[in-house]
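Below, each chain spelled out in residue letters.
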Amino acid sequence: MSRVSLEGQVAVVTGAARGVGELLARKLSARGAKIALVGLEPDALKQVSERLHGDSDHWYADVTDHEAMARVAAEVKERFGKVDIVVANAGVANGGPFAESDPQVWRRVVEVNLIGSAVTARAFLPLLQESRGYLLQIASLAAITPAPMMTAYCASKAGVEAYAHCLRAEVGHQGVRVGVGYLSWTDTDMVRGADQDEVMRELRQRLPWPANKTYPLGPAVDRIVAGIERRSAHVYGQGWLRGMQGVRGYLPGLIGTVGQREMRRFAPRLQGMRTGLVGAGGSADEEAKATQRS
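Now for a look at the structure at hand. (Residues numbered from 1 in each chain as written. Predicted model: local features only at pLDDT ≥ 70, side-chain atom pairs only at ≥ 80, totals over all residues. Heavy atoms only, no water.)

Structural notes on the pairing of strand 5 (residues 134-138)
With 5 of 5 residues buried, strand 5 is to be regarded as a mostly interior element. Of the two faces of strand 5, the one carrying Tyr134, Leu136 and Ile138 and the one carrying Leu135 and Gln137 are both buried. Direction of pairing for strand 4 (residues 85-88) relative to strand 5: parallel, over a ladder of 4 bridges. Its bridge partner being in strand 5, Val86 is matched across the sheet by Leu135. Handedness of the strand 4-helix 4 (residues 103-131)-strand 5 crossover: right-handed. Taken together, the 5 bridges between strand 5 and strand 6 (residues 177-182) define a ladder with parallel strand orientation. Counted as the bridge partner of Gln137 is Val180 from strand 6. Considered for its hand, the β-α-β crossover made up of strand 5, helix 5 (residues 151-171) and strand 6 is right-handed. (Buried < 20%, exposed > 50% of the residue type's maximum accessible area, 1.4 Å probe, protein only. Helix = DSSP H or I, 4+ residues; strand = E, 2+ residues; numbered from the N terminus. Pairing = 2+ DSSP bridges. Right-handed = clockwise from strand over helix to strand, strands pointing away.)

In structure tokens, the structure reads:
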């Protein structure tokens, strides 16, 4: 599909304080888009906004909060007059054995990654219908292949992939395009946070090539930008991920067999693993939830 110019388009990016969201906002802004940043770190969002090339603004909101996201959508429309692009990028992760996981943390990963994505779409879909715009849902390699020690993250990313595919069929006749973005291990605070746990780091290093590598952020985000310009149904942050689609049906059985062997190897070291959200984004989410409770 031919590329659509981003000049003058209004793009909303959730989880925009750091990582994929921050760099994506910068690259979209450099191409002439007006940017609405959404996240849980107002100071960081303000700094990102101030560094962008063109018109931008930022909003503090928890993507799982229906009322807050509806307010943000209304204020973005008032501020910019329209919304052409929404990137549902906000996400958190945890790791470790399911049986020893903190139930509240496990639930929070699913709430942010899956429910938060649906809340985001529900809030902005009327505006995308007006503009015949584009929604890009950021998923993951975790949507394609299951992985032990990542039950919440894999469940949430498989969920958002399926939800986005369903939504594409529902709204396509209204002129709204829906895409799913896939990323392997990419150099972000989330991945670096997961790597701080020795067991999680070693498990990842034992994955078969090319899934055992950490990939640079810049080229992955460049691919996402190109996918947005094309209004693509599928966007791959690393090119080899496209090939995984053809073999994904075989992966659960393979990983179920190989994973048992790996878990037996690491079993003596699993006690006492950290069970909280990982990375700076995870810390920001935990701080925001603590503030709401106090």
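Structure shown, so let's carry the discussion forward.
Quick word on unusual backbone geometry
Across the junction of Trp209 and Pro210, the peptide omega takes the value 10°, indicating a cis bond. You can see Pro210 is positioned in the loop between helix 7 (198-205) and helix 8 (217-230). With a phi angle near 55°, Arg132 is a residue other than glycine that sits in the positive phi range. Position of Arg132 relative to the elements: it lies in the loop between helix 4 and strand 5. A relative accessible area of 55% means that Arg132 is categorised as exposed. Not every positive phi belongs to a glycine, and Met149 is a case in point at roughly 75°. Along the chain, the position of Met149 falls in the loop between strand 5 and helix 5.

Focus: the environment of Lys289
Tracing the backbone shows Lys289 in helix 11 (residues 279-293). Judged by relative accessible area, which is 24%, Lys289 ranks as partly exposed. Along the chain, Lys289 and Leu40 lie 249 residues apart, while their C-alpha atoms are 9.9 Å from each other. With near-sequence residues (within four places) excluded, Lys289 lies in contact with Asp62 and Arg108. (Contact = heavy atoms within 4.5 Å.)

Note that every value here comes from positions in space, so none of it alone points to a role or purpose.
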